[in-house]
Structure formats: structure tokens, C-alpha cells
Amino acid sequence: MGPTTRAQFVYNRRRRRGGRHVVEDGSDDEEQRVDSSSSSSEDEGDEEEAEASGEEVDEEEEEEETVAAEPAAKLPPAAGEKRGGKKGPITISLKKVCKVCKRTGHEAGFKGAVYIDCPMKPCFLCKMPGHTTLTCPHRVAMEHGVIPAPRMNTNTSLDYVFQSQVKGKISMVKPKFLIPNQLECGNIKFHQRRVTCLEFHPTKNNVLLSGDKKGLLGIWDYVKLHEKITYDSVHSCILNCMKIDATNDGLLYTASSDGTISCTDLDTGIGSSLLNLNPNGWNGPSSWRMIYGMELNTDKGLLLVADNFGFLYFLDKRSKTRIGHPVLIHKKGSKVTSLHCNPAQPEVLLSSGNDHYARIWDTRKLEANSPLVGLAHGRVVNSGYFSPQSGNKILTTCQDNRIRVWDYIFGDLQSPSREIVHSHDFNRHLTPFKAEWDPKDYTETVAVIGRYISENYNGVALHPIDFIDTSSGKLLAEVTDPDITTISPVNKLHPQDDVLATGSSRSIFIWKPKTEDELTEERTKQKSREFVYGSGSQKKSNGKHDNSSDDDTDGDSGGKNKKAKKTRFTHTVKGKGKSKA
DNA sequence: AAAGTATGGCCCC
DNA sequence: TGGGGCCCCTACTT
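Residues numbered from 1 in each chain as written. Chains lettered and ligands numbered in written order. Predicted model: local features only at pLDDT ≥ 70, side-chain atom pairs only at ≥ 80, totals over all residues. Heavy atoms only, no water.

**Student:** Provide a residue-level description of the environment of Gln-389, including the pertinent values.
**Tutor:** Turning to its location among the elements, Gln-389 is positioned in the loop between β22 (381–386) and β23 (394–398). Judged by its relative accessible area of 38%, Gln-389 is partly exposed. Along the chain, Gln-389 and Trp-437 lie 48 residues apart, while their C-alpha atoms are 9.9 Å from each other. Ignoring sequence-local partners within four residues, the contact set of Gln-389 consists of Pro-343, Pro-439, Lys-440, Asp-441, Tyr-442 and Glu-444. A polar side-chain atom of Gln-389 sits 2.7 Å from the main-chain carbonyl oxygen of Pro-439. (Helix = DSSP H or I, 4+ residues; strand = E, 2+ residues; numbered from the N terminus. Buried < 20%, exposed > 50% of the residue type's maximum accessible area, 1.4 Å probe, protein only. Contact = heavy atoms within 4.5 Å. Polar contact = N/O pair within 3.5 Å; in protein donor to acceptor, adjacent residues only side chain to side chain.)

**Student:** Lay out the pattern of salt bridges with the relevant residues and their values.
**Tutor:** Under the counting rule described, the total for this entry stands at 18 salt bridges. Residue Asp-362 is joined to Arg-364 by a salt bridge in which the shortest nitrogen-to-oxygen separation is 3.0 Å. The class for Asp-362 is buried, based on a relative accessible area of 9%. A relative accessible area of 53% means that Arg-364 is categorised as exposed. (Salt bridge = Lys/Arg side-chain N within 4 Å of Asp/Glu carboxyl O.)

**Student:** Go over the nonpolar core, please, and point to the residues and values.
**Tutor:** If you look at the biggest cluster of nonpolar residues, it comprises 18 residues, and the most contacted ones within it are Ile-261 and Val-305. In this view, Ile-261 contacts Thr-254, Ala-255, Ser-272, Ser-273, Leu-274, Leu-275, Ile-291, Met-294, Leu-303, Val-305 and Leu-315; residues no more than four positions away in its chain are not counted. Formed by 15 residues, the second largest nonpolar core is a distinct cluster that contains Leu-430, Ala-435, Tyr-452 and Leu-475. (Core = buried A, V, L, I, M, F, W, Y, C linked by side-chain atoms within 4.5 Å.)

**Student:** Which residues make up the sheet that holds strand β7 (residues 207–212), and what values go with them?
**Tutor:** Across the sheet, which stays open at both edges, the four strands sit in the order β6-β7-β8-β9 with antiparallel pairing between neighbours. The sheet is open, and its two borders are formed by β6 (195–200) and β9 (228–231), each paired with just one other strand. Across the sheet, the mean angle separating the axes of adjacent strands is 20 degrees when strand polarity is ignored. In this sheet, β9 lies alongside strand β8 (residues 217–221) in antiparallel orientation, the contact comprising four bridges. For Trp-220, the partnering residue across the bridge sits in β9 and is Lys-228. (Pairing = 2+ DSSP bridges. Axes fitted to C-alpha atoms, helices over the stretch in contact; angles between N-to-C directions.)

Following this line, the structure appears as C-alpha cells:
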């Protein structure tokens, strides 16, 4: 096994060319599974699948059905008596049954491209009872139902100065923000398992590093499409985190659920282990240590590492030895999900954990139970990041479907400055979602995060990647492509370029902004589409979607016939918001 | 083509 | 405080 290079294939979207993707076979390797990511959405038939089976079920089942059928389900067959009195009362079980709550009278699941919620459950988006996601105020109208934040910073004069400075800066120099919303190329099934982390190489501009659930490390030059390598011997299970050595960009540190930290030479794939938390091998899940959070303190040549039992470790990267003893930074036995050092103050550490807290620490005087601040969350915190430039803000992603923003870490941190409702639920089969700052945005407002629940885009259910203005909660952009039907929990913005990398299932995609040419062409195309009565639509379904208009913004244009009007805002902000008493 | 499965949090006792 | 069972928009493979 040593380092192996295995190449699947790359597909590359040539700019316009009929719009079709060109599939390039990276190298004919053993397994030629092309598998064209087809299908999904084959169920256009909707309505009448279950009907057909039932003998002569009346159409308007709702009312009485809910009442009558329910006891029937629990009682022995004899219970069928009243209903029509005929014999085979057992057949009543053929009634539609909600797969979520097991009751009759309604059904949850996809109807075409629209997911119908079980009305018995709280809203899947905001978690509140009384409505479903289809009618959730957070989905339908932005900033509807917003509750003002209790009160953010107790405005000290320092705060005032800071705010005005930043504000001034923002209005003065805010650059035109380009959303990388055009699928440039993709690497399909490069990984054998789902992608769990992505990182751009800091100096080799077009190189993307990726890790997957099997521990495979991928290196891909997405300009030279065929230059891709994988190293399968670095880790034996989930690769959770990657960092390039700031003083030697040929070295990569990786953290894994196999309980080890590795340092890998990117050119050779040769690595060494810096830490192994399971020196005695597997003794059951109750003792197996996994590493999720990892950070570099460049100033001190330190590696900070946290495990799934709540402990933080320090490593000297040069001597490859532990320093000091592990410190409990989250509830004992609970997973630490992420670590981040403040970019302006590397000694200041932000940790997030399964104990529903994010915490700020001073690593110079670190003791269990002595964080500088504890930031309470509603559920597990998937990630927490200081803002990339000043380090003055904090952005967290929590499994309660809320993104939280603290605008100023030196202010009152009792409660977040904003809570933005956004669909990024936990699902054990998905890599946890993490909202991340755009490292290029020195106004420190833009964040990117994948969306869990789907939206109906021209008859296809897609899961967009959202760009969110964290200062207002406004949705700046939702990025989709009709060929990407899977959820995209892993997203990374390029440190210098207007490039977005996405990990979606086993595939990796690269997005770039539309060029001016493309935009103008699109506009003209859209015009002509208007002339050519109703051309664009109608084709849909059957797997490969016609990509004539992959940008959501033009989307329907023609409108009318498609009932599918997408309700766009799947998130809203809480706090700061005007309105409301 | 339906069924199976890998999996993590959380709820309840 | 620990373990068993449950589980709402998965992405596959058989």
C-alpha cells in the first residue's frame, strides 16, 4: 500500500460549448464506473402511486380517515367492522401511512421536487411546532418573526470607536463581491467515500487538498485537470481536519478519527505520526479516541489538538512530542468539534463542542473549567471561527439550525449579536455543516455554508450553497448546478481567488464567478428565451438536466406555468433586527 | 427497483 | 451516568 495514485476522472465544464459537460477520462484505470450521477427525480408521476393499490379507496381520505383508520391500525383486524362493513378489513392497512409518524391521513416525503413535511413534527427548519418548513416564516419571508437580540455589546467607548472605524472602512473600500456561482469543473467520485474536508494550498494556487471518510488524502490541481494524487496510507478513517505548515508549505498536518495526527510531505506522500491517542489499539468505542479539532499556533510552533473526550493536547511540531498534560476544555466525555486560534491573538483559542458550548480560552493560562468566555448554544456546535482579519467577530454553526454571530469579542458576549436561522441540520450520514468566513472579505461579513433542505429549482430538488451576509442575515446568493443533486456540506473559499471548492458526497467541485461575457450572454439568452415562447422549461426530470439556465436568478423568468415558484429565503436573522416591540 | 446499510446525537430509563 | 433504541429531505449498493 504505500502512496498510491489512483485517478478517477475529471469532468470539466467547458465554458459554453453547447453547455454540455465534457467528461475527461483522467486515466483509464481499472474501474470505469462512469455512472453519470444520473437520475434522482424520476418520480414525476406524483399523486397516484398508492391509490392504485388500494381497492376502492375514496379519494378524500383526510377527515374521517384520520380518525377511523388510526384505531384500526392498532387494533386487531376485527376492528375494521364499521368501515363499509365488508369483509377484508385488513386491507385498511394499505392506506397511505406517513413514513415519519406512521399515522394515516397524510404522507411525508418528496412529491416531485418538493418535500412535504409531516405535520405532526415541529418545523424541520426552525424547530418550532405549529407549522412545517413549507410555511415556516423563516423560509417564506426574510426577517419575519424575528426576535430582537436581548442586547449586544454594552457599548463601551472602545466599542464605539471600533465600530465607527470599521463602519468607515466598510463603506469606503468595500470591493465588488464576486460570487463563485458558475460550476467550473468537477472531480467525480475522486474519493471512495464522502468528502469530509477541503483545504486550498496556500501558495500553489490551483491545488486543492481533500480528505474523506476513509482517511484518503487527495491532492488535485484543478487547472491541470489530470494532476491528481491520492495517498491512502495517511489515515485509516475519517480525515477531519487539515492544515498546511505556515513555515513549510510542503508539509501537511492532518487530524483523524483514527486518533492520530500526521505530518505528510505533499510531494512524496511520506508522512510521520505526531500523535497517536490509541497506542493500545481498539478496545471498544468507549475508549477509542478520535481527533476532530486541530489548530496551529505558528508563533510558537505548536499544534493544538482536541479529542472526542473533551481534552485538548499541545504538541511541539518540531520535536513531535506532547507538551504538558491534556486539559479538559469541554464536558468530560464529549466531543470537541473544532478549534480555532484568533488570527490577531494566536494565544486566544476558540473551541466548539458537543456539550452545546463554544468557549474562548487563553492558552497561556489554560485550566479546565476556566474559559475566558462560554458561549451557550441550543445544541451541538459544529464549528466556531474568529473572523479572518481582525479576529474580532465569531461565527458558529449549531445543530439547532442557527448560525450565530458575535460582532465584537471584547463586548458583552452573553448572547450572540444575531442568530440566523438556516437549514444545516445534523444527519449522521452527512459531514457536519460549517459556516465559514470568506477569507478575502476584510469587512468580515460574508460567510458560506451548504444548505440541507432542498428547494425546487425548475422541477428539480437541489441543495444550494448559501452565501450569507452575517451582518444582516441576508442571503447574498444561493449557488446551485442542476447536475449536483447531492447535499454539499463541505465548502471552502479560496484565500486569494474568487473560487469556491465544494465537497458533495464523494465528489469535489470548483466554482468561479461568471465572467462579464457570460453574464451578458446570459442576459441576451434570456431575452431570446422570452421570445422563443416557453422554450427553457418543460424538459426537466430524467436525470441529466438540461442546463440551459443553471443560474438560479434567471431561473423561471417565463414564470407563470411553473407553479414551482421557489420560496427563496431558507434562513433569517434574529436580533439586531429592527421591527418588533 | 425496493431493501439494506453505514452512522452520530439524543432521549429516556 | 450509561446504554439501548430511535431517527424527517442521505447516498449509495444489492
